[in-house]
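This is what each chain is made of:
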Amino acid sequence: MIIKGREPVLKRLPTRIDRTEGIQTYDSDNRYPQRARETMYRSYTLNGIIEKLSGFLNGEGFVDEQLNTIVVNDEGLTMRELLDFVCSEKSWINGYALHINYNLNYTIASITEIPFEYCRFGLPDKNGNIDTIAYSTNWERDYDKEGKTRVIEYYPVFNPSSVIEEAELVGGIQNHKGQILYRTKQKNQYPKATFDSVFEHAQTQAEIAVYA
């Protein structure tokens, strides 16, 4: 028997449609990954465990040594460094995000890392599919963080076959902003942190350390 007022929480990450900003919120306050990242950094236990998990996922890099040295953008990022980034992100949030840019031949020209917590799903279509990713470095609406009001940019999801059509809509590939590759365990669903089951314990540990 379920007593009224003590119903079980059926959804850990409630989301809502925010048509004003064209996004689906990541938890009711849209700050779940920001809280998770901060908690991870402040908990000495989580920090150590997640670092070990990242190293386990990474292994010794790609089996093919030549892949490790391939440079994927103008900043000199190598495939090995990109793998380090992906493993680091997956170790705490079960996902990762990359910005993919294209050249005049409509082929991939560069790959750049994006902190996972900067991305949000755009609005779903009638079938529940997502074709836009919203990007902002200040979902917290903290004016002091950047000294300006929040800016949101919208990118199409990674799909090489749609680049030509997208470029035509914006007046040419030179105006195309690129696409965002957004990967999670379940398509079109925000992931929970790898430590979600002990989230509150980690927050408590962090607060005890601050008090001490």
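Residues numbered from 1 in each chain as written. Predicted model: local features only at pLDDT ≥ 70, side-chain atom pairs only at ≥ 80, totals over all residues. Heavy atoms only, no water.

Peer 1: Is there a simple way to explain a nonpolar patch on the surface in this structure?
Peer 2: Where nonpolar side chains cluster on the molecular surface, the patch consists of Leu 53, Phe 56 and Leu 57 and spans about 310 Å² of accessible area. Exposure remark for Leu 53: the relative accessible area of 31% places this residue in the partly exposed category. (Patch = residues over 30% accessible without salt bridge, like charges linked within 9 Å, V, L, I, M, F, W, Y side chains within 5 Å. Areas by Shrake-Rupley, 256 points an atom, 1.4 Å probe, with all protein chains shown as cover. Salt bridge = Lys/Arg side-chain N within 4 Å of Asp/Glu carboxyl O. Buried < 20%, exposed > 50% of the residue type's maximum accessible area, 1.4 Å probe, protein only.)

Peer 1: Help me out: how do you make sense of unusual backbone geometry in this one?
Peer 2: The phi angle of most residues is negative, glycine excepted, and most peptide bonds adopt the trans form. The phi torsion at Asp 27 lies on the positive side, around 80°, for a residue other than glycine. Looking at the element boundaries, Asp 27 is found in the loop between β2 (23-24) and α1 (32-42). At Asn 188, a residue that is not glycine, the phi angle is positive and equals roughly 65°. Looking at where Asn 188 falls in the secondary structure, it is placed in the loop between β8 (179-184) and α7 (199-211). Its relative accessible area of 23% is what places Asn 188 among the partly exposed residues. (Helix = DSSP H or I, 4+ residues; strand = E, 2+ residues; numbered from the N terminus.)

Peer 1: Please explain the nonpolar core as it appears in this structure.
Peer 2: A general tendency of soluble globular proteins is for nonpolar side chains to be buried together. Within the largest apolar cluster, 24 residues are counted, with the highest numbers of intra-cluster contacts made by Tyr 26, Ile 180, Tyr 182 and Phe 195. Mapped onto this core, the elements with two or more residues apiece are α1, α2 (44-58), α4 (79-93), β5 (119-121), β8 and α7. Per-element tally for this core: the top contributor is α1, with three residues. Ignoring any residue separated from it by four or fewer positions in sequence, one finds Tyr 26 in contact with Leu 13, Arg 31, Tyr 32, Pro 33, Ile 93, Phe 116, Arg 120, Tyr 182, Tyr 190 and Pro 191. (Core = buried A, V, L, I, M, F, W, Y, C linked by side-chain atoms within 4.5 Å. Contact = heavy atoms within 4.5 Å.)

Peer 1: Honestly, the packing of α1 against α4 in this entry has me stumped. Any pointers?
Peer 2: A packed helix pair is summarised by two numbers, namely the angle formed by the two axes and the spacing between the axes. Axis separation between α1 and α4 bottoms out at 10 Å; the angle between their running directions is 100°. With respect to each other, α1 and α4 are oriented roughly perpendicular. Packed against α1, whose contacting residues are Tyr 32, Pro 33, Ala 36, Arg 37 and Met 40, the element α4 presents Glu 89, Trp 92 and Ile 93 at the interface. (Axes fitted to C-alpha atoms, helices over the stretch in contact; angles between N-to-C directions. Parallel < 35°, antiparallel > 145°, perpendicular 65-115°, else oblique.)

Peer 1: Sorry if this is basic, but what is going on with the pattern of salt bridges here?
Peer 2: Note that side chains of opposite charge can pair when their charged atoms are close. All told, the structure shown has nine salt bridges when counted by the stated rule. For Arg 150, the salt bridge is made with Glu 21, and the minimal N-O distance between the two is 2.2 Å. Of this pair, Arg 150 sits in the loop between α5 (143-146) and β7 (153-156) while Glu 21 sits in the loop between β1 (17-18) and β2, and the two are 129 residues apart along the sequence. Note on accessibility: Arg 150 and Glu 21 belong to one class, buried. The partner of Arg 42 in a salt bridge is Glu 207, with the nearest N and O atoms 2.8 Å apart. Taken together, the residues span a long stretch of sequence, with Arg 42 in helix α1 and Glu 207 in helix α7 at a distance of 165 residues.

Peer 1: I tried to follow the pairing of strand β6 (residues 132-135) on my own but got confused; where do I start?
Peer 2: Bridge analysis of β5 against β6 gives three bridges, and the strand direction is antiparallel. Across the sheet, residue Phe 121 finds its bridge partner in β6, namely Ile 133. Pairing of β6 with β7 involves four bridges; the strand directions are antiparallel. Bridge assignment links Ile 133 to a residue of β7, and that residue is Tyr 155. (Pairing = 2+ DSSP bridges.)

Peer 1: Is there a simple way to explain the sheet that holds β6 in this structure?
Peer 2: Through backbone hydrogen bonds, the strands of a sheet pair up, either in parallel or in antiparallel fashion. Taken together, three strands build an open sheet; the order of strands is β5-β6-β7 and the sheet is antiparallel. Looking along the sheet, the strands with just one partner apiece sit at the ends: β5 and β7. Going from strand to strand, the sheet's axes swing by 35° on average, the running direction of each strand aside.

Peer 1: Looking at this structure, how should I read the packing of aromatic side chains?
Peer 2: Aromatic ring pairs: the centre-centre distance and the angle between the two ring planes describe each pair. Tallying each qualifying case throughout the model produces nine aromatic pairs. Here a set of aromatic residues connected by ring pairs shows up, and it is made of Tyr 26, Tyr 32, Phe 116, Phe 121, Tyr 182, Tyr 190, Phe 195 and Phe 199. The positively charged end of Lys 177 is found above the aromatic ring belonging to Tyr 155, 4.8 Å away from the centroid. (Phe/Tyr/Trp six-rings, centres within 6.5 Å; stacked < 30°, edge-to-face > 60°. Lys NZ or Arg CZ within 6 Å of the ring centre and 35° of its normal.)

Peer 1: Would you take a moment to explain the sheet that holds strand β3 (residues 95-102) for this structure?
Peer 2: The strand order β4-β3-β8 describes an open sheet built from three strands, whose pairing is antiparallel. With one partner strand each, in any of the chains shown, β4 (108-114) and β8 form the two edges of the open sheet. Each adjacent strand pair in this sheet contributes to an overall mean axis angle of 25°, direction not counted. Looking at chain direction, β3 and β8 are connected through six bridges and run antiparallel. Pairing of Gly 95 across the sheet is with Thr 184, part of β8.

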